[in-house]
Amino acid sequence: TVTTVGYGDVTPVTDGGRIIAMAVMLTGIGFVAILTGAVAERFLASTRQVAQVESELAAEVAELRGRIDQLER
């Protein structure tokens, strides 16, 4: 893990060490957040494609209904 709960771990004592530790923790947390976002985007992209296809099909069905009504008149 990038961060710990602090049970018996070796921790930085100097200010420089603490700054480096904070940078490492923030980098690790940011990496996990970006990775999670990328995976979520993959799922959302496929959902958007399905919604777009459904929308196009609904418009086509509405157009065909209009043509059928016109032919029946």
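Summary of the structure given here. Note that the coordinates shown come from a computational prediction; the quantities given were computed from them, not determined experimentally.

### Digging into the overall build of the chain
(1) Moving on: Across its full length, the chain carries one helix and zero strands.
(2) Moving on: For the chain, the spread of C-alpha atoms along the three principal axes comes to 85 × 20 × 10 Å.
(3) Moving on: Taken over 73 residues, the chain has a buried fraction of 3%.
(4) Moving on: Roughly 6700 Å² of accessible area belongs to the chain as shown, and the carbon and sulfur atoms make up 65% of that amount.
(5) Moving on: Treating the 6 positive side-chain charges of the chain as one cloud and the 9 negative ones as another, the clouds have centres 2 Å apart.

### Looking at the pattern of salt bridges
Here the idea is simple: oppositely charged side chains can pair when their charged atoms come close.
(1) Moving on: Counted under the stated rule, the structure contains one salt bridge.
(2) Moving on: The salt bridge partner of E63 is R67, with a shortest N-O separation of 3.0 Å. Here E63 pairs with R67, and both are found in helix α1 (residues 15-72), just four residues apart, close to one helical turn.

### Looking at the environment of R18
(1) Moving on: As for its position among the elements, R18 is in helix α1.
(2) Moving on: Counting along the chain gives 18 residues from R18 to T36, while the straight-line C-alpha distance between them is 27 Å.
(3) Moving on: Every residue in contact with R18, bar those within four places of it in the chain, is listed here: P12 and V13.
(4) Moving on: At 3.4 Å, the side chain of R18 forms a polar contact with the backbone oxygen of P12.

### A look at a nonpolar patch on the surface
(1) Moving on: Together, F31, V32, L35, V39 and F43 line one region of the surface with nonpolar side chains, adding up to about 520 Å² of accessible area.
(2) Moving on: One can find F31 in helix α1.
(3) Moving on: Judged by relative accessible area, which is 55%, F31 ranks as exposed.

Each value, and the rule that gives it
- Residues numbered from 1 in each chain as written.
- Predicted model: local features only at pLDDT ≥ 70, side-chain atom pairs only at ≥ 80, totals over all residues.
- Heavy atoms only, no water.
- Helix = DSSP H or I, 4+ residues; strand = E, 2+ residues; numbered from the N terminus.
- Buried < 20%, exposed > 50% of the residue type's maximum accessible area, 1.4 Å probe, protein only.
- Areas by Shrake-Rupley, 256 points an atom, 1.4 Å probe, with all protein chains shown as cover.
- Lys, Arg positive; Asp, Glu negative; His and termini not counted.
- Charge placed at Lys NZ, Arg CZ, Asp CG, Glu CD.
- Salt bridge = Lys/Arg side-chain N within 4 Å of Asp/Glu carboxyl O.
- Contact = heavy atoms within 4.5 Å.
- Polar contact = N/O pair within 3.5 Å; in protein donor to acceptor, adjacent residues only side chain to side chain.
- Patch = residues over 30% accessible without salt bridge, like charges linked within 9 Å, V, L, I, M, F, W, Y side chains within 5 Å.

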